[in-house]
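Structure assessment
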Amino acid sequence: MSQLKPSFIYFDNAATTKTAPEVVEAMLPYFTEYFGNPSSIYTLAGTSKKAVTQSRDIIAGAIGAEANEIYFTAGGSEADNWALIATAEAYETKGRHIITSAIEHHAILSTCHYLEKRGFEVTYLPVDEYGIIDLNELKKAIRKDTILISIMFANNEIGTIQPIKEIGVIAKENKILFHTDAVQAFGQIPISVNDLNIDMLSASGHKLNGPKGIGFLYIRKGVKSRSFIHGGQQERGRRAGTENVPGIVGMGAATKRALAIMEDKTAKELELRDYMISKIAQEVPFSKLNGHPTRRLPNNINFSFEFVEGESLLIKLDMEGICASSGSACTSGSLDPSHVLLAIGLPHEKAHGSLRISISEENTKEEIDFTIEKIKEILQYLRNMSPLYEDYKKKML
């Protein structure tokens, strides 16, 4: 059945989102009219300082924290680095052992590798076929010198949501700090740091229709954490540098918006997500859903397709005006298969043929139907050129 080609379909919201119009509107005055430095003492600066305070209050309320537990950063990667490095430095006299998972974002994994070079020991927990850690394995990994557990809230590639509450309980019972990278989860699903026993949490503005270049790190009161950027006394002496006032205002506005629309947005995304997963599973041969079938982010769809390269599929989709991903945006330049897909047990050839689609509430079933038809056409074209597919067909004769 022929379908009209849409001019542009955006299915890569896990990489970044469009900044919402009301967020841009909230930010604009702080570039030109209210441009004062919040650290200054005159009235113009006070307007900027008040805006920063209001955004901090909004974000703290979103996760059930106190305003003075929110520290603004340049994004999720900085927040992850801060959580691990500053905590390791502050608690190294107590112990030098950290626990994380094999499927963390590279902002966590690369920081762990850096800390290993400095003499810290890191345990990388394996995951099951859905990308979920084994809580018993977590308990076994705990040592007397374990100072930090860092497990992401939801995976950026396959969307799997970890048993965060149970991890928090284990950490609290053993008097170990618990950090979670919630970059993909914040603004998508409800989070209460107290109910979940989270001591530190990282988030980023551009994943929830806010601006790029802004994020935050939640640090529970009482947690020792060294200054991460040295200089002035901004962020209560823990993160020097003049505050990114427009960005902070934008993140506050984006958070407020996300909370207001979360229920309706989630319902719409779940309907579209499950529709697309079901249709691909039924209509596209040699396809496999990656991640947990239900315990996943409402906007995440990740499939592996046999006998094709994901990069070729993405290029062909782009030619049709469809934006998608083969994994994390931070590794899109890499020729290596996704470490996440390898960790859940996919062989290299199947991991190379992955496609991540991350939808928004603005997408439609018509866009999904069009995209699936194009995926089917492109896969057939690519498979017809694949020697592996030819060998498979010969074996089936």
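Residues numbered from 1 in each chain as written. Predicted model: local features only at pLDDT ≥ 70, side-chain atom pairs only at ≥ 80, totals over all residues. Heavy atoms only, no water.

**A short note on the nonpolar core**
Just so we agree on the cut-off: To form a nonpolar core, buried Ala, Val, Leu, Ile, Met, Phe, Trp, Tyr and Cys residues must be joined to one another through side-chain atoms within 4.5 Å. Burial classes follow relative accessibility: with a 1.4 Å probe on protein chains only, a residue under 20% of its type's maximum area counts as buried, one over 50% as exposed, and anything between as partly exposed. Put simply, DSSP H or I for four residues or longer makes a helix, DSSP E for two residues or longer makes a strand, and each gets a number counted from the N terminus. Whether two residues touch is decided by their heavy atoms; if any such pair falls within 4.5 Å, the residues are in contact.
Formed by 60 residues in total, the largest nonpolar core has its most connected members in Ile149, Phe153, Phe186, Ile191, Ile198 and Phe216. For this core, the element with the most residues is helix H8 (residues 245-283), which contributes seven residues. With residues up to four places along the chain from it excluded, the contact list for Ile198 reads Phe153, Ile164, Phe178, Thr180, Ile191, Val193, Tyr218 and Arg220. In this structure, Leu355, Ile359, Ile372 and Ile378 belong to the second largest nonpolar core, which totals 26 residues.

**Regarding helix H7 (residues 164-173)**
Stated formally: Each direction from the helix axis to a C-beta atom contributes to the arc, which is the arc of those directions.
Within the sequence span of H7, burial applies to Ile164, Ile167, Gly168, Ile170 and Ala171. Across the axial projection of H7, the buried residues extend over an arc of 165 degrees, all falling on one side. In H7, the exposed positions that point more than 90 degrees away from the buried face belong to Lys172 and Glu173. Buried residues along H7 sit against helix H6 (135-141), strand E5 (146-150) and strand E6 (177-181).

**Re the pattern of salt bridges**
In plain terms, the rule: By definition, a salt bridge exists where a carboxyl oxygen of Asp or Glu is found within 4 Å of a side-chain nitrogen of Lys or Arg.
For the structure shown, the criterion picks out 22 salt bridges. Linking Lys376 and Glu373 is a salt bridge whose minimum nitrogen-to-oxygen distance equals 3.2 Å. Separated by three residues within a single helix, Lys376 and Glu373 lie in helix H12 (residues 365-384), roughly one turn from each other. Among the residues examined, Lys376 registers a relative accessible area of 28% and is labelled partly exposed. Given a relative accessible area of 25%, Glu373 falls into the partly exposed group.

**Some thoughts on the sheet that holds strand E4 (residues 121-125)**
Let me state the cut-off plainly: Pairing between two strands is assigned when DSSP locates at least 2 bridges connecting them. Between N-to-C directions, angles cover 0 to 180 degrees, with each direction set by a line fitted to C-alpha atoms, over the stretch in contact for helices.
Read across the open sheet, the seven strands follow the order E2-E8-E7-E6-E5-E3-E4; overall the sheet is mixed. The outermost strands of the open sheet, each flanked by one partner alone, are strand E2 (70-73) and E4. For this sheet, the mean angle separating the axes of adjacent strands, direction not counted, is 20 degrees. Across three bridges, the pairing between E5 and E6 is parallel. Within E6, the residue paired with Ser150 across the bridge is His179.

**Let's talk about the packing of aromatic side chains**
This is how the line gets drawn: Stacked, edge-to-face and tilted labels apply to pairs of Phe, Tyr and Trp rings (six-membered ring for Trp) whose centres lie within 6.5 Å, assigned for plane angles under 30 degrees, over 60, and everything in between, in that order.
Within this structure, the stated rule accounts for seven aromatic pairs. Note on Phe186 and Phe216: the rings are 5.2 Å apart at their centroids and 80 degrees apart in plane angle, and the pair reads as edge-to-face. Note that Phe186 is positioned in the loop between E6 and strand E7 (200-204) and Phe216 in strand E8 (residues 215-219), a separation of 30 residues in sequence. Given the relative accessible area of 4%, Phe186 is considered buried. Taken together, the ring pairs connect Tyr71, Trp82 and Phe228 into an aromatic cluster.

**Quick look at the sheet that holds strand E9 (residues 287-289)**
With respect to topology, three strands assemble into an open sheet ordered E9-E10-E12, the strand pairing being antiparallel. Each edge of the sheet is formed by a strand with only one pairing partner; in this case those strands are E9 and strand E12 (354-358). Between one strand and the next, the sheet's axes are offset by a mean angle of 25 degrees, whatever the strand orientation. Note: E9 against strand E10 (residues 300-305), three bridges, orientation antiparallel. Each bridged residue has a counterpart across the sheet, and for Ser287 the counterpart in E10 is Phe305. Running at roughly 15 degrees to E10, H8 makes contact with E9, E10 and E12 of the sheet.

**As for the side chain of Thr87**
Among the secondary structure elements, Thr87 is positioned in helix H4 (residues 76-91). Setting aside residues up to four positions removed in sequence, Thr87 forms contacts with Trp82, Ile147, Leu148, Leu177 and Met200.

**A look at a positive patch on the surface**
Our working definition: Patches in this entry comprise residues that are over 30% relatively accessible and not in a salt bridge; like charges within 9 Å are linked, as are nonpolar side chains (Val, Leu, Ile, Met, Phe, Trp, Tyr) within 5 Å. The Shrake-Rupley method, run with a 1.4 Å probe sphere, supplies the accessible areas, and residue values consider only the shown protein chains as cover. Note on charges: Lys and Arg go in the positive column, Asp and Glu in the negative column, and His and the chain ends are not counted at all. Taken as the charge centre is NZ of Lys, CZ of Arg, CG of Asp or CD of Glu, depending on the residue.
Together, Lys94, Lys175, Lys224 and Arg226 give the surface a local cluster of positive charge. Along the chain, Lys224 falls in the loop between E8 and H8.

**Here we look at the packing of H8 against H12**
The line we're drawing: Roughly parallel refers to an angle under 35 degrees, roughly antiparallel to one over 145, roughly perpendicular to one between 65 and 115, and oblique to any angle outside these ranges. A crossing counts as left-handed when the near helix is turned anticlockwise from the far one by less than a right angle, and as right-handed when that turn is clockwise. Residue classes follow a fixed rule: Ala, Val, Leu, Ile, Met, Phe, Trp, Tyr, Cys and Pro count as nonpolar, while Asp, Glu, Lys and Arg count as charged, and any other residue, Gly among them, counts as polar.
Axis separation between H8 and H12 bottoms out at 11 Å; the angle between their running directions is 25 degrees. Classified by the angle their axes make, H8 and H12 are roughly parallel. The chirality of how H8 crosses H12 is right-handed. Side by side, H8 and H12 meet where Glu271, Leu272, Tyr275, Met276, Lys279, Ile280 and Glu283 of the first sit next to Lys365, Ile368, Asp369, Thr371, Ile372, Glu373 and Lys376 of the second. For the contact of H8 with H12, the class distribution of residues is six nonpolar, one polar and seven charged.

**A word on unusual backbone geometry**
The phi dihedral of Lys175 falls on the positive side, at around 55 degrees, and the residue is not glycine. Take Lys175: it is sitting in the loop between H7 and E6. Look at Lys175 and you get exposed, because its relative accessible area is 69%. Even without being glycine, Glu235 reaches a positive phi, approximately 50 degrees.

Functional significance is not addressed by these values, which are geometric in nature.
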